[in-house]
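# Descriptive structure summary
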Amino acid sequence: MAGYLRAVSEAVGVLPGGTARDFDPPAAYLALSRQSPRHPGRDLLLVWSAADGWEVLLEHSEQLSAESLARFGDPLVPVPASVAQFVDEVVTGERAGGNPARGASAGLDELLRPYAVIALPPGSVRVCGPSPG
């Protein structure tokens, strides 16, 4: 999931340190680096869940929950360029509402496989070469 989130973050523009994710159930939160002219001074959040897919939220004060502006719909794991286009359409007011993705999260590993990054456990890499000194 990390590789997919990195690719989407780069495509949509995310604030430095503006990503978070949960593992059970899988979910991601991306703080967008821009605002909608229709909602000046209000932050936008791009959220993904294994149950519903992508959604753009308008953040409110700490006392109020975020307001859904639009849902991507299917597929559950769209290519990053499609997510970026979705965000552009929401920001400009061309897209609103929508339904959650209907895709089953049971095959999530397979959907995310093209974006996989290799993570090696600590101590599994050995540097070979002449010994120092």
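Our structure's up above, just so we're on the same page.
We now turn to the structure provided with this report. (Residues numbered from 1 in each chain as written. Predicted model: local features only at pLDDT ≥ 70, side-chain atom pairs only at ≥ 80, totals over all residues. Heavy atoms only, no water.)

## Observations concerning the pairing of strand S1 (residues 14-23)
The condition that has to hold: Following DSSP output, two strands are said to pair if at least two bridges run between them. Under the scheme used here, helices are H or I runs from DSSP no shorter than 4 residues and strands are E runs no shorter than 2 residues, and both carry numbers assigned from the N terminus.
Of the pairings in the sheet, the one linking S1 to strand S2 (residues 26-32) comprises six bridges and is antiparallel in character. Bridged to valine 14 within S2 is leucine 32. Taking the residues between adjacent antiparallel strands as the criterion, S1 and S2 are bridged by two residues.

## Some points on helix H2 (residues 80-91)
The criterion, for reference: Helices are assigned an expected span. That span is 1.5 Å times one less than the residue count. Per-residue accessibility, obtained with a 1.4 Å probe over protein chains only, is compared with the maximum for each type, and a residue is labelled buried under 20%, exposed over 50%, and partly exposed between these values. Any two residues whose heavy atoms approach within 4.5 Å at even a single point are treated as in contact.
Over its 12 residues, H2 extends 16 Å from the first C-alpha to the last, a length consistent with the 16 Å expected when each residue adds 1.5 Å. Where H2 is concerned, the buried positions are Pro80, Val83, Ala84, Phe86, Val87, Glu89, Val90 and Val91. In this structure, the buried residues of H2 make contact with helix H1 (2-12), S2, strand S3 (44-49), strand S4 (53-58) and strand S5 (67-71). Two residues or fewer past H2, glycine 93 is found with a positive phi of approximately 85 degrees.

## Re the packing of aromatic side chains
What counts, and what does not: Two aromatic rings from Phe, Tyr or Trp, using only the six-membered ring of Trp, form a pair when their centres are within 6.5 Å; if the ring planes differ by under 30 degrees the pair is stacked, by over 60 it is edge-to-face, and anything between is tilted.
Inspection of every chain in the model, using the stated rule, returns four aromatic pairs. Relative to tryptophan 54, the ring of tyrosine 4 lies with its centre 6.2 Å away and its plane at 45 degrees, an arrangement referred to as tilted. Of this pair, tyrosine 4 sits in helix H1 while tryptophan 54 sits in strand S4, and the two are 50 residues apart along the sequence. The burial state of tyrosine 4 is the same as that of tryptophan 54; both residues are buried. Relative to phenylalanine 86, the ring of phenylalanine 72 lies with its centre 5.4 Å away and its plane at 80 degrees, an arrangement referred to as edge-to-face. Here phenylalanine 86 lies in helix H2 and phenylalanine 72 lies in the loop between S5 and H2, a separation of 14 residues in the sequence.

## Some words on the packing of H1 against H2
To keep things clear, this is the line we draw: All axes here are fitted lines through C-alpha atoms, helices being fitted over the stretch that makes contact, and every angle between N-to-C directions spans 0 to 180 degrees. Comment on the angle field: the value is read as roughly parallel under 35 degrees, roughly antiparallel over 145, roughly perpendicular from 65 to 115, and oblique elsewhere. Helix crossings fall into two classes, left-handed where the near helix is turned counterclockwise from the far one by less than a right angle and right-handed where it is turned clockwise. Any residue that is not Ala, Val, Leu, Ile, Met, Phe, Trp, Tyr, Cys, Pro, Asp, Glu, Lys or Arg is counted as polar, Gly included; the first ten are nonpolar and the last four charged.
At a minimum axis distance of 8 Å, the contact between H1 and H2 shows a crossing angle of 40 degrees. By the angle class used here, H1 and H2 are oblique. Crossing of H1 over H2 shows right-handed handedness. Contact residues: Tyr4, Ala7, Val8, Ala11 and Val12 in H1; Pro80, Val83, Ala84 and Val87 in H2. Residue composition of the contact of H1 with H2, by class: nine nonpolar, no polar and no charged.

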